[in-house]
Structure formats: structure tokens, C-alpha cells
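Here's the letter readout for the chains.
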Amino acid sequence: VLFEFIQMVLQLKIIKDILISSEYFIYALCQMVYEKNLIQYVVSIWAHILTISKSTDSQVHSIIIFIQSIFDRKNEPGFAEILRRIIQALVVHFHQNPSDMSNIFFHTKLLDYLINFVLYTKSKEDLFSLFQLFRNFSKFQELVKEYVLDMAPFMQLQPLVESQSMIDDIKDWLWSFVCGV
């Protein structure tokens, strides 16, 4: 009931602006992600904040730093599931604020954390989620070009892609990047 009330209150612009600009609210929200029953709730609010905020806003920075700290704990029990939900939320909500979301990925190390997580899990589903983010980024050519030149994401993923290269789904994704579809 309390969380439904918070969701309802976040619909009111003035209160939403006050809450999401509060360091204490963001900190409390981040701590709630460790409660298994609240993971989806917290991730949905993070996604909402990321889609309505500018990439330079302090609350975005705080959330990204916290998410990166979760990626550092990926091998601890339960953390891989939290990270999968975060990745799914990023994929699903990317289109709601694509320019700022792209900036978040390209001007933080979040994409490196995602790549390292995919290499850690070796999961085809995680790889496809990352490919979906790459596809979303491709709409922002300058940022993509800058990132590809500087960090070469496909080079980082090369061992995983090579080990699964005979899988038709992987081939389809790779061809979609080559053809720009």
C-alpha cells in the first residue's frame, strides 16, 4: 500500500520533482533494491527517473554510480537477477528518452559494466539484451562512432560471440548491425 501511494504521489509533478531531486529519496530507493520483493518496484522507479531526467542531473549520476556498484557484486548470490532486471528496464525504457539515455551510457562506464556482465554470465539472453541496446544506440550516429572508435564493444564481446557464432540468432543480430536494421 505504501509503495502504491508513492507511485501515485510520483504522478504529481511538484511532488515528483521534490522527491527525485532529494538525495535522501534516491539513497533510500537504492537501498530498497536489496529487498527481493521490491526489486522490480525500485527498478521501475529508476527507469522512470532516467527517462524524465537529463543525463547531467545529480540524481541520474547517483543512480548510475549505485548500479555500477551492483555490477561489481555480480558474482554474489542474487545480484545477477537484480542486474538482469536493470538491463531489461534499460532496454524497455530507452526509447522514452533516447538522447539522454545514450549520453548516460556513453559518458559513464555503464556500458563497460554491461559488457563485463554479459561476458561473466555468458547468457544468450543477456547478450541479446546488450545487442538491443546497441541497436537503440545506432540511432545516434556521432555517439556510436565515438564509442566504437574509443572502446570497441564488439572486440570486448569477441570471445563470447565467437563461442556462440554458429547459433542462428547470434548471426541474425550481427547481420542486423552490419546492415543497419
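See the structure above.
Residues numbered from 1 in each chain as written. Predicted model: local features only at pLDDT ≥ 70, side-chain atom pairs only at ≥ 80, totals over all residues. Heavy atoms only, no water.

**A word on the environment of Phe-66**
Part 1: Relative to the assigned elements, Phe-66 resides in helix 5 (residues 58-71).
Part 2: Here the alpha-carbon distance between Phe-66 and Gln-31, two residues 35 residues apart in the chain, equals 9.3 Å.
Part 3: Setting aside chain neighbours within four positions, we find Phe-66 in contact with Cys-30, Gln-31, Val-33, Tyr-34 and Trp-46. (Helix = DSSP H or I, 4+ residues; strand = E, 2+ residues; numbered from the N terminus. Contact = heavy atoms within 4.5 Å.)

**Examining the packing of aromatic side chains**
Part 1: Here the structure, examined in full by the defined rule, presents 5 aromatic pairs.
Part 2: Between Trp-46 and Phe-66 the ring centres are 5.9 Å apart and the planes differ by 65°, which places this aromatic pair in the edge-to-face class. You can see Trp-46 sitting in helix 4 (residues 39-52) and its partner Phe-66 sitting in helix 5, a full 20 residues away along the chain. Comparing Trp-46 with Phe-66, the two get one shared label, buried.
Part 3: Look at Phe-71 and Tyr-113: their rings are 6.1 Å apart centre to centre, the planes differ by 45°, and that puts the pair in the tilted class. Of this pair, Phe-71 sits in helix 5 while Tyr-113 sits in helix 8 (residues 110-121), and the two are 42 residues apart along the sequence.
Part 4: With relative accessibility at 21%, the residue Tyr-113 sits in the partly exposed group.
Part 5: Three or more aromatic residues joined by ring pairs make a cluster, and in this case those are Tyr-34, Trp-46, Phe-66 and Phe-79.
Part 6: The ring of Tyr-120 has Lys-74 sitting right over it, with the charged end atom 5.7 Å from the ring centre. (Phe/Tyr/Trp six-rings, centres within 6.5 Å; stacked < 30°, edge-to-face > 60°. Buried < 20%, exposed > 50% of the residue type's maximum accessible area, 1.4 Å probe, protein only. Lys NZ or Arg CZ within 6 Å of the ring centre and 35° of its normal.)

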